Amino acid sequence: MKQVQLRIQSNVEIADNVFCMVMEGDVGAITAPGQFINIRIGEKFLRRPISVCDVDTVATGTKRIEKEAAEAFGASLYNTPETWNRGRGGDTLSQSGSSKEALTAGITDLKDVPADGDADRSTAASGSGDSAQLQNDCIFREIPPVEGTVTILYKVVGEGTKALAACRRDEVLDVLTGLGNGFDIRFAGDAPLLIGGGIGSAPMMMLAKQLISDGVRPTAVLGFRGKEDMILQGDLYEIGCDVYVATEDGSYGRKGFVTDLMEDLKQQGLEFSYFYACGPSPMLHAVYRASGNLDGQLSFEERMGCGFGACMGCSLETKNGPKRVCKDGPVFLKSELNWD
Ligand SMILES: Cc1cc2nc3c(=O)[nH]c(=O)nc-3n(C[C@H](O)[C@H](O)[C@H](O)COP(=O)(O)OP(=O)(O)OC[C@H]3O[C@@H](n4cnc5c(N)ncnc54)[C@H](O)[C@@H]3O)c2cc1C
Ligand code: FES
């Protein structure tokens, strides 16, 4: 954990009451996707924990690694790779294209991608209204991460996040960085499934980038209340993930929940090597049940007190006794949870 002063570079609304804030400073303590930062807001006694959506550090050389990985695939990071040969094994773009065609009922993204595997997905997908929207909805194309910055996405729900939304460029925030264990990507295998619910989709960006840097092509299933709440679907698509979206009101993608998407993909015979999930507690319980024999990691967004292990205010019951979400988590192995 490191206490640092971060200068706000930008703070813009990207969805209904959801803001994207980029802060500049010493972000070297952030080392894993799924970690969080704890922000002091005004005179509030308790800091507010927010997941790291993306980071670009000189220390970790994230940008360099991503650039090298992208170049290895003959693509720039913000142009979808055209010649994926790794990830789901063999000609993955072709596999992806055909599976998407079979999934046209309810799942709208990428459905116009040709199965020949040679086309640029960005161009090919633009024939579909929803796919075009996927491409247009890129936060990071508009706000590209700069070296020495951390990016967070946050939803305004109360006084603290409301005050955060009122912050302006060049204001300086007192932030604890490098908190939590984060996702462990060593378990990912060659076909990881990323599952994000609402604002819980935020940490999937850094996770997806690291997996892609490792030559793995993730599939992302994202769930939102409605179209106006959607975040990151375009960015994850653009960096090379297969993206499926569900909305509760049916205003975009499949009507339903992320677990419905998981069931659809299973029905289509798609198999995954591992899953990573982040979202509200009811969603995590549902994902746990829907995942069957698939192993994975779940990231919790419990209410917190101190945020660094001192108060037990974020306790979670596990097979190994009570654990602190802030210190022992926020990511827990599925096998640790006694939810059966
Ligand atoms: C590890 C972790 C990562 C998080 N990552 C993000 C993130 O990336 N983006 C984001 O928008 N939010 C995230 N949260 C939730 C965020 O911390 C809270 O929304 C925020 O602290 C609320 O502060 P507030 O002062 O605006 O609201 P408050 O006035 O404190 O509360 C307003 C309302 O929000 C509810 N609430 C407060 N905290 C939480 C919480 N942790 N979970 C669910 N409901 C809560 C309260 O019950 C109340 O109804 C994360 C939480 C944790 C623990
Ligand atoms: S919030 Fe204090 S121990 Fe987790």
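Here the structure is shown first, and the text comes after it.
Below: a short report on this structure. Worth saying up front: this structure is predicted, and the values here are computed from it rather than measured.

Here we look at the overall build of the chain
Here comes step 1: Scanning the chain from N- to C-terminus turns up 10 helices and 16 strands.
Here comes step 2: Taking all 340 residues of the chain together, 47% fall into the buried category.
Here comes step 3: For the chain, restricting intrachain contacts to residue pairs at least 6 apart in sequence, the fraction spanning at least 24 positions comes to 63%.

Details of the nonpolar core
Here comes step 1: Of all hydrophobic cores here, the largest spans 81 residues; its most connected members are A208 and L236.
Here comes step 2: Ranked by the residues each element gives to this core, the list is headed by helix α7 (residues 204–213), at 7 residues.
Here comes step 3: Per-domain counts for this core show at least three residues from each of domain 1 (2–72 + 109–179) and domain 2 (185–336).
Here comes step 4: Setting aside its immediate chain neighbours within four residues, A208 contacts L194, P218, A220, L236, I239 and C241.

Quick word on the site of ligand 1
Here comes step 1: Surrounding ligand 1, one finds 21 residues, the nearest of these being S51, Y154, G158, G160 and T161.
Here comes step 2: Secondary structure elements with two or more residues in the shell around ligand 1: β4 (48–51), β6 (149–155) and α6 (159–165).
Here comes step 3: Here the shell around ligand 1 is built from residues that sort into 11 nonpolar, 4 polar and 6 charged.
Here comes step 4: When residues of the shell around ligand 1 are assigned to domains, at least three map to each of domain 1 (2–72 + 109–179) and domain 2 (185–336).

Section: the sheet that holds β4
Here comes step 1: Strand order in the open sheet formed by 7 strands is β4-β3-β7-β1-β2-β6-β5, with antiparallel pairing between adjacent strands. The open sheet terminates on both sides in strands that have one partner only, identified here as β4 and β5 (54–56). Along the sheet, successive strands turn relative to each other by an average axial angle of 35°, direction set aside.
Here comes step 2: By the bridge criterion, 4 bridges tie strand β3 (residues 36–39) to β4 in an arrangement that is antiparallel.

Points about the packing of helix α9 (residues 258–267) against helix α10 (residues 281–290)
Here comes step 1: The N-to-C vectors of α9 and α10 enclose an angle of 20°; their axes lie 9 Å apart at closest approach. By the angle class used here, α9 and α10 are roughly parallel. In the crossing of α9 with α10, the sense of the turn from one axis to the other is right-handed. Across from V258, T259, M262 and E263 in α9, the residues of α10 making contact are M283, A286, V287 and A290.

Side note on α10
Here comes step 1: Taken together, the buried positions of α10 are occupied by M283, L284, A286 and V287. For α10, the buried positions fall inside an angular range of 165° around the axis, keeping them on one side. Facing away from the buried side of α10, by more than 90 degrees, are the exposed residues P282 and R289.
Here comes step 2: Buried-residue contacts for α10 involve β8 (192–197), α9, β12 (274–278) and β13 (296–299).
Here comes step 3: In the stretch just after α10, G292 is the one whose phi turns positive, near 55°.

Notes on α7
Here comes step 1: With 9 of 10 residues buried, α7 is to be regarded as a mostly interior element.
Here comes step 2: Regarding α7, the residues found buried are M204, M205, M206, L207, A208, K209, Q210, L211 and I212.
Here comes step 3: Positive phi appears at G215, one or two residues downstream of α7, with a value of about 85°.

What about the pairing of strand β2 (residues 18–24)?
Here comes step 1: When you tally the buried positions in β2, you get 5 out of 7 residues, the bulk of the element.
Here comes step 2: Sheet topology note: the strand β1 (residues 2–15)/β2 ladder contains 7 bridges and is antiparallel. Across the sheet, residue V12 finds its bridge partner in β2, namely C20.
Here comes step 3: Connecting β1 to the next strand, β2, in antiparallel fashion are 2 residues, including N17 with a positive phi near 65°.
Here comes step 4: Direction of pairing for β2 relative to β6: antiparallel, over a ladder of 7 bridges. Each residue of the ladder has a partner; that of M21, found in β6, is I152.

Points about the sheet that holds strand β16 (residues 331–333)
Here comes step 1: Pairing is mixed across the open sheet formed by 7 strands, whose spatial order is β11-β10-β9-β8-β12-β13-β16. Strands with a single pairing partner mark the edges of an open sheet, and in this sheet they are β11 (254–255) and β16.
Here comes step 2: Contacts from α7 reach β8, β9 (219–224) and β12, with the element oriented near 170° to β8.

Let's talk about unusual backbone geometry
Here comes step 1: Residue P330 is bonded to the preceding G329 through a cis peptide linkage, with omega at 10°.
Here comes step 2: Residue placement: P330 occurs in the loop between β15 (321–324) and β16.
Here comes step 3: Non-glycine residue L232 carries a positive phi angle of around 70°.
Here comes step 4: Its location among the elements puts L232 in the loop between β9 and α8 (233–239).

What counts and how
- Residues numbered from 1 in each chain as written.
- Chains lettered and ligands numbered in written order.
- Predicted model: local features only at pLDDT ≥ 70, side-chain atom pairs only at ≥ 80, totals over all residues.
- Helix = DSSP H or I, 4+ residues; strand = E, 2+ residues; numbered from the N terminus.
- Buried ≥ 20, exposed ≤ 12 C-beta atoms within 10 Å, placed from the backbone.
- Contact = placed C-beta atoms within 7 Å.
- Core = buried A, V, L, I, M, F, W, Y, C linked by C-beta atoms within 7 Å.
- Domains from an automatic or database assignment.
- Near = placed C-beta within 6 Å.
- Nonpolar A, V, L, I, M, F, W, Y, C, P; charged D, E, K, R; others polar.
- Pairing = 2+ DSSP bridges.
- Axes fitted to C-alpha atoms, helices over the stretch in contact; angles between N-to-C directions.
- Parallel < 35°, antiparallel > 145°, perpendicular 65-115°, else oblique.
- Left-handed = near helix turned anticlockwise from the far one by under 90°.
- Arc of directions from axis to C-beta.

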